[in-house]
Amino acid sequence: MMKNTPLYLAFMALPLLFSCSGNSNTEQKGDLADADSVISKQCFVAADGKDTANLLVNTKGSGKVSGHLTINYAEKGKNDGEIEGKFSGDTLFVDYTFKIGETNKTVYKNPLALLKKDGKMVLGVGQIETTMGRSYFVKGKPISFDKGRFIFSPAECKE
(Lines give C-alpha, C1' and ligand atoms only; values in the text may rest on other atoms or scores of the structure.)
Protein backbone atom coordinates (compact mmCIF):
# COMPACT_ATOMS: atom_id res chain seq x y z
CA MET A 1 0.00 0.00 0.00
CA MET A 2 2.85 2.45 0.80
CA LYS A 3 4.46 1.89 -2.59
CA ASN A 4 1.31 3.09 -4.38
CA THR A 5 0.77 6.26 -2.27
CA PRO A 6 2.71 8.60 -4.65
CA LEU A 7 0.72 7.18 -7.55
CA TYR A 8 -2.58 7.88 -5.75
CA LEU A 9 -1.45 11.41 -4.91
CA ALA A 10 -0.52 12.06 -8.54
CA PHE A 11 -3.98 10.95 -9.72
CA MET A 12 -5.65 13.11 -7.07
CA ALA A 13 -3.63 16.17 -8.17
CA LEU A 14 -4.61 15.88 -11.85
CA PRO A 15 -8.09 17.46 -11.46
CA LEU A 16 -6.52 20.39 -9.62
CA LEU A 17 -4.05 20.98 -12.42
CA PHE A 18 -6.78 20.95 -15.06
CA SER A 19 -9.07 23.24 -13.08
CA CYS A 20 -6.30 25.82 -12.61
CA SER A 21 -5.30 25.83 -16.25
CA GLY A 22 -8.98 26.00 -17.28
CA ASN A 23 -9.37 29.41 -15.65
CA SER A 24 -6.43 30.92 -17.51
CA ASN A 25 -7.79 29.60 -20.81
CA THR A 26 -11.08 31.33 -20.11
CA GLU A 27 -9.26 34.59 -19.48
CA GLN A 28 -7.23 34.17 -22.66
CA LYS A 29 -10.40 33.51 -24.66
CA GLY A 30 -11.89 36.68 -23.20
CA ASP A 31 -8.83 38.65 -24.34
CA LEU A 32 -9.14 37.15 -27.81
CA ALA A 33 -12.82 38.05 -27.93
CA ASP A 34 -11.93 41.67 -27.06
CA ALA A 35 -9.24 41.69 -29.76
CA ASP A 36 -11.74 40.39 -32.34
CA SER A 37 -14.55 42.74 -31.37
CA VAL A 38 -15.23 45.68 -33.68
CA ILE A 39 -14.25 49.00 -32.10
CA SER A 40 -15.08 51.23 -35.08
CA LYS A 41 -17.11 50.97 -38.26
CA GLN A 42 -16.68 53.31 -41.21
CA CYS A 43 -18.43 53.39 -44.57
CA PHE A 44 -17.17 54.99 -47.76
CA VAL A 45 -18.45 55.54 -51.31
CA ALA A 46 -16.57 56.31 -54.53
CA ALA A 47 -17.40 57.00 -58.16
CA ASP A 48 -15.39 57.08 -61.35
CA GLY A 49 -17.57 57.98 -64.30
CA LYS A 50 -20.41 55.41 -64.32
CA ASP A 51 -18.49 53.01 -62.05
CA THR A 52 -19.24 53.12 -58.32
CA ALA A 53 -17.88 51.44 -55.21
CA ASN A 54 -18.99 50.96 -51.60
CA LEU A 55 -16.54 50.14 -48.82
CA LEU A 56 -17.21 49.08 -45.22
CA VAL A 57 -14.21 49.06 -42.85
CA ASN A 58 -14.49 47.40 -39.42
CA THR A 59 -11.50 48.04 -37.15
CA LYS A 60 -11.03 45.42 -34.44
CA GLY A 61 -9.47 45.75 -30.99
CA SER A 62 -6.44 43.83 -32.27
CA GLY A 63 -5.82 46.51 -34.90
CA LYS A 64 -6.84 44.16 -37.70
CA VAL A 65 -9.43 45.25 -40.22
CA SER A 66 -12.29 43.40 -41.89
CA GLY A 67 -15.14 44.58 -44.04
CA HIS A 68 -16.90 44.49 -47.36
CA LEU A 69 -16.17 45.99 -50.78
CA THR A 70 -18.53 46.15 -53.74
CA ILE A 71 -17.42 47.65 -57.05
CA ASN A 72 -20.13 48.16 -59.68
CA TYR A 73 -18.63 48.46 -63.15
CA ALA A 74 -21.15 49.89 -65.63
CA GLU A 75 -19.77 47.77 -68.50
CA LYS A 76 -18.45 44.65 -66.71
CA GLY A 77 -20.82 43.95 -63.83
CA LYS A 78 -20.15 43.77 -60.12
CA ASN A 79 -17.21 42.64 -57.96
CA ASP A 80 -18.51 41.80 -54.50
CA GLY A 81 -16.55 40.46 -51.55
CA GLU A 82 -14.80 40.69 -48.20
CA ILE A 83 -11.64 42.48 -47.11
CA GLU A 84 -9.21 41.38 -44.37
CA GLY A 85 -5.99 43.14 -43.42
CA LYS A 86 -4.41 45.84 -41.29
CA PHE A 87 -3.04 49.35 -41.34
CA SER A 88 0.65 50.03 -41.77
CA GLY A 89 0.98 53.69 -40.92
CA ASP A 90 -1.69 55.49 -42.95
CA THR A 91 -1.98 52.72 -45.56
CA LEU A 92 -4.51 49.92 -45.27
CA PHE A 93 -3.28 46.67 -46.83
CA VAL A 94 -6.01 44.06 -47.35
CA ASP A 95 -6.75 40.86 -49.18
CA TYR A 96 -9.93 41.25 -51.21
CA THR A 97 -11.78 37.95 -51.66
CA PHE A 98 -14.57 38.44 -54.19
CA LYS A 99 -16.82 37.06 -56.91
CA ILE A 100 -17.47 38.70 -60.26
CA GLY A 101 -21.13 38.99 -61.20
CA GLU A 102 -24.06 36.94 -59.97
CA THR A 103 -23.58 33.73 -61.97
CA ASN A 104 -19.78 33.27 -61.83
CA LYS A 105 -18.95 30.86 -58.97
CA THR A 106 -15.17 31.45 -59.15
CA VAL A 107 -13.71 33.17 -56.08
CA TYR A 108 -10.82 35.57 -56.65
CA LYS A 109 -8.36 36.99 -54.13
CA ASN A 110 -6.29 40.11 -54.77
CA PRO A 111 -4.27 42.45 -52.57
CA LEU A 112 -5.43 46.05 -52.27
CA ALA A 113 -3.81 49.12 -50.75
CA LEU A 114 -5.83 52.12 -49.60
CA LEU A 115 -4.16 55.32 -48.44
CA LYS A 116 -6.01 57.23 -45.73
CA LYS A 117 -5.65 60.91 -46.66
CA ASP A 118 -7.73 63.89 -45.54
CA GLY A 119 -10.46 61.59 -44.18
CA LYS A 120 -10.75 59.77 -47.51
CA MET A 121 -9.42 56.40 -48.69
CA VAL A 122 -7.55 56.36 -52.02
CA LEU A 123 -7.30 53.00 -53.80
CA GLY A 124 -3.75 52.46 -54.98
CA VAL A 125 -2.42 50.85 -58.14
CA GLY A 126 0.59 48.58 -57.99
CA GLN A 127 2.26 45.70 -59.75
CA ILE A 128 0.88 42.36 -58.54
CA GLU A 129 2.45 38.95 -58.98
CA THR A 130 1.22 35.50 -58.04
CA THR A 131 3.37 32.78 -56.53
CA MET A 132 1.99 29.39 -55.51
CA GLY A 133 -1.60 30.63 -55.86
CA ARG A 134 -1.08 33.72 -53.66
CA SER A 135 -1.19 37.22 -55.15
CA TYR A 136 0.71 40.09 -53.59
CA PHE A 137 2.26 43.45 -54.41
CA VAL A 138 5.76 43.13 -55.87
CA LYS A 139 8.36 44.13 -53.28
CA GLY A 140 10.42 47.13 -54.26
CA LYS A 141 7.81 48.35 -56.77
CA PRO A 142 5.93 51.45 -55.57
CA ILE A 143 2.17 51.58 -55.19
CA SER A 144 0.78 54.70 -56.87
CA PHE A 145 -2.07 56.48 -55.15
CA ASP A 146 -2.14 59.20 -57.81
CA LYS A 147 -3.33 56.82 -60.54
CA GLY A 148 -6.12 55.19 -58.50
CA ARG A 149 -9.58 55.24 -60.04
CA PHE A 150 -11.51 55.28 -56.78
CA ILE A 151 -11.28 57.90 -54.05
CA PHE A 152 -13.58 56.82 -51.24
CA SER A 153 -15.37 59.57 -49.30
CA PRO A 154 -16.94 58.94 -45.89
CA ALA A 155 -20.62 58.01 -46.02
CA GLU A 156 -23.36 57.02 -43.61
CA CYS A 157 -23.42 53.28 -42.97
CA LYS A 158 -26.60 51.52 -44.02
CA GLU A 159 -27.58 48.70 -41.68
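Up top you'll find the structure we're talking about.
Summarised in this report is the structure supplied together with it. Computed from a predicted structure; not experimentally measured.

1. A word on the nonpolar core
Phase 1: Of all hydrophobic cores here, the largest spans 20 residues; its most connected members are L55, L69, F150 and F152.
Phase 2: Of all the secondary-structure elements, those providing two or more residues to this core are β1 (38–48), β2 (51–60), β3 (64–73), β5 (91–100), β6 (107–117) and β7 (120–123).
Phase 3: Residues contacting L55, with those up to four places away along its chain left out, are Q42, C43, F44, H68, L69, I83, L114 and F152.

2. Topic: the packing of aromatic side chains
Phase 1: Under the counting rule described, the total for this entry stands at three aromatic pairs.
Phase 2: Aromatic side chains Y96 and F98 sit 4.5 Å apart centroid to centroid with 15° between the ring planes, which places their arrangement in the stacked category.
Phase 3: The exposure class of F98 is buried, given its relative accessible area of 6%.
Phase 4: Joined through ring pairs, the aromatic side chains of Y96, F98 and Y108 make up one cluster.
Phase 5: The ring of Y73 carries K76 above its face, with NZ or CZ at 5.0 Å from the centroid.

3. Section: the side chain of T91
Phase 1: As for its placement among the helices and strands, T91 is situated in strand β5.
Phase 2: On the accessibility criterion, T91 (10% relative accessible area) is buried.
Phase 3: Leaving out residues up to four positions away in the same chain, T91 has contacts with K86, A113, L114, L115 and F145.

Cut-off values and rules
- Residues numbered from 1 in each chain as written.
- Predicted model: local features only at pLDDT ≥ 70, side-chain atom pairs only at ≥ 80, totals over all residues.
- Heavy atoms only, no water.
- Core = buried A, V, L, I, M, F, W, Y, C linked by side-chain atoms within 4.5 Å.
- Buried < 20%, exposed > 50% of the residue type's maximum accessible area, 1.4 Å probe, protein only.
- Helix = DSSP H or I, 4+ residues; strand = E, 2+ residues; numbered from the N terminus.
- Contact = heavy atoms within 4.5 Å.
- Phe/Tyr/Trp six-rings, centres within 6.5 Å; stacked < 30°, edge-to-face > 60°.
- Lys NZ or Arg CZ within 6 Å of the ring centre and 35° of its normal.

Function cannot be inferred from these measures alone, as they are strictly geometric.
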